[in-house]
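Residues per chain are reported as follows:
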Amino acid sequence: MIKLLKNTAAAGMAFLFLFGCAGTSTTTPSDQSATATAASSSTANATASAGGTTQTTSASQNDAQQATQLEGAWRTTDGQGNEVVMLVQDGFFTIARFNQQNKQFLGTTGGTYTVSNGKFSIQQEFNTLDSTQVGTTASADYKLENDQWTMSKDGLTDTWNRINESNSNSPLAGTWRITGRERDGEMQTMRPGPRKTLKVLSGTRFQWIAFNSETGQFSGTGGGTYTAENGKYTENIEFFSRDSSRVGMSLSFNFEVKDGNWHHSGQSSTGNPINEIWSRISKD
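Nothing here was measured: the structure is a model prediction, and the numbers come from that model.

Draft legend 1. Representation of the overall build of the protein within the structure. Along the protein, the regular secondary structure elements total four helices and 17 strands. Expressed as a percentage of the 284 residues in the protein, the buried residues total 41%. Surface accessibility of the protein: about 14,700 Å² in total, with carbon and sulfur atoms responsible for 44%.

Draft legend 2. Here's a closer look at the sheet that holds strand β6 (residues 137-145). The eight strands are arranged β1-β2-β3-β4-β5-β6-β7-β8 in a closed barrel whose pairing can be described as antiparallel. Between one strand axis and the next, the sheet turns by 35 degrees as a mean value, whatever way the strands run. In this sheet, strand β2 (residues 83-89) lies alongside strand β1 (residues 72-77) in antiparallel orientation, the contact comprising six bridges. Across the sheet, residue A73 finds its bridge partner in β2, namely L87.

Draft legend 3. A look at the pattern of salt bridges. Considering all chains together, one arrives at 10 salt bridges under this definition. A salt bridge links R181 to E276, with the shortest nitrogen-to-oxygen separation between them at 3.7 Å. With a gap of 95 residues between them, R181 in strand β9 (residues 174-183) and E276 in strand β17 (residues 273-280) connect regions that are remote in the sequence. Note on E276: relative accessible area 9%, which makes it buried. Note that E235 is salt-bridged to K199, the shortest N-O span being 3.0 Å. Within this pair, whereas E235 is found in strand β14 (residues 232-240), its partner K199 is found in strand β11 (residues 195-201), the two being separated by 36 residues in sequence. Under the relative-accessibility criterion, E235 is labelled buried at 6%. Note on K199: relative accessible area 6%, which makes it buried.

How each quantity is defined
- Residues numbered from 1 in each chain as written.
- Predicted model: local features only at pLDDT ≥ 70, side-chain atom pairs only at ≥ 80, totals over all residues.
- Heavy atoms only, no water.
- Helix = DSSP H or I, 4+ residues; strand = E, 2+ residues; numbered from the N terminus.
- Buried < 20%, exposed > 50% of the residue type's maximum accessible area, 1.4 Å probe, protein only.
- Areas by Shrake-Rupley, 256 points an atom, 1.4 Å probe, with all protein chains shown as cover.
- Pairing = 2+ DSSP bridges.
- Axes fitted to C-alpha atoms, helices over the stretch in contact; angles between N-to-C directions.
- Salt bridge = Lys/Arg side-chain N within 4 Å of Asp/Glu carboxyl O.

This is the structure we're talking about:
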């Protein structure tokens, strides 16, 4: 933890928890008591009448509602004034730390998440600060109030502010995985596996990431703001891990959502032609 935070004195939970520095939890005697109580409650529910089933269903629906409320884009800053942006969509989250003015990319992490009983729990699939955290899990207490999301763990609290996207009606908000790419004039299907290229889009912000969730290898990322209307998808780049000179560029592409898939074509940041198909991860 110290080695990751030595240059960010007030980095907060964005790094202590979501960057995995807090590590995995251990079971204390009080935890064991709570676990025993939960097991007893579970047994009681198994033998209860339909009323118990209704309560379980209601709790599940409440968890789903809470997860939906957290979807979107969130912002905080670290102790050095660098921007930290989190995107939460389709059960997947990303966090990127960067300094747009200085064209610096400073790190990213992300993976899957669940929400239950006031707990926000994650499993990391990539982490550029510490790849050994890939595959680990952690959780924190959370509270959402007036577009502020606070998370607490081990006496530390981190506060995120929702980025206002109320005017957005983007058809692309979600987490997408590339499933097809044209090569030599032929669209080639890409099989699901540990090597992934994803795009996570809120109503106004995007981040793409390429990584291997088994080995922890990270290939690259970029992100910023975007618009998607009238068949044109435009990215405004605020950070780019591979080439900082791309920061400040705007790239436009043709797009169409057809049969639930995002068809994406145009020219990449290097000027090469691209024709791709992306599918929502919720439909994998």
